[in-house]
Amino acid sequence: MTSAASGPPGAKPFRMTEQAYLILLSLTPEPLHGYAVIQAVAELSDGATALGAGTLYGNLDRLSGAGLVEPSGEEVVDGRLRRYYRITDDGRRAAEQETARLRELAARAQKALDRRGTAARPTSGRLAGGLA
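Residues numbered from 1 in each chain as written. Predicted model: local features only at pLDDT ≥ 70, side-chain atom pairs only at ≥ 80, totals over all residues. Heavy atoms only, no water.

S.K.: Give a detailed account of the sheet that holds strand 4 (residues 69-77), specifying residues and quantitative values.
M.R.: Spatially, three strands are ordered 3-5-4 in an open sheet, and the strand pairing comes out antiparallel. One side of each edge strand has no neighbouring strand; the edge strands of this open sheet are strand 3 (32-33) and strand 4. As paired elements, strand 3 and strand 5 (residues 80-87) share two bridges and run antiparallel to each other. Each residue of the ladder has a partner; that of Leu 32, found in strand 5, is Tyr 85. Of the strands in this sheet, strand 4 and strand 5 touch helix 3 (residues 53-65), which is tilted by about 135 degrees from strand 4. (Pairing = 2+ DSSP bridges. Helix = DSSP H or I, 4+ residues; strand = E, 2+ residues; numbered from the N terminus. Contact = heavy atoms within 4.5 Å. Axes fitted to C-alpha atoms, helices over the stretch in contact; angles between N-to-C directions.)

Quick look at the structure:
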């Protein structure tokens with residue numbers, strides 16, 4: 001899944017991927033540090049999307065460059081630096097637009113499947129091979 005997302009004027013062009021979309025959604029309730037984003041994405045996707053650190057931070061860099069997320073602070077926990085990220089207003093709009101796009105796509109897909117299912121049904125009331 002990819003679609004275009006627009007950020008603020010002058011921001012880098014951005015192609016929305018499933019991973020980027022899930023990262024945006026994970027940041028919607030509150031700012032999170034990297035490991036918490038990884039956990040939230042796994043939860044949002046019911047375990048279907050497992051982000052590695054490189055994938056996460058590559059996406060965060062692209063999302064930040066597009067003005068869709070921004071750093072929101074740092075803290076040291078057990079001697080390790082945690083950098084927090086938050087979704088921007090443009091990022092929230094991009095997530096809302098992507099959600100609407102996916103909803104519309106799913107509705108069109110369901111219509112296509114329903115039409116296809118109607119056309120594929122036997123008209124005689126008999127199953128293929130002459131079984132009733």
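Next comes the rest of the description.
S.K.: Report on the packing of helix 1 (residues 18-26) against helix 2 (residues 34-44), specifying residues and quantitative values.
M.R.: Closest axis-to-axis distance for the helix 1/helix 2 pair is 9 Å, and the angle between their directions is 110 degrees. The orientation of helix 1 with respect to helix 2, classified from their angle, is roughly perpendicular. Taken together, the residues of helix 2 that come into contact with helix 1 (itself represented by Leu 22, Ile 23, Leu 25 and Ser 26) are Val 37, Ala 40, Val 41 and Leu 44. Grouping the constituent residues of the contact of helix 1 with helix 2 by class yields seven nonpolar, one polar and no charged. (Parallel < 35°, antiparallel > 145°, perpendicular 65-115°, else oblique. Nonpolar A, V, L, I, M, F, W, Y, C, P; charged D, E, K, R; others polar.)

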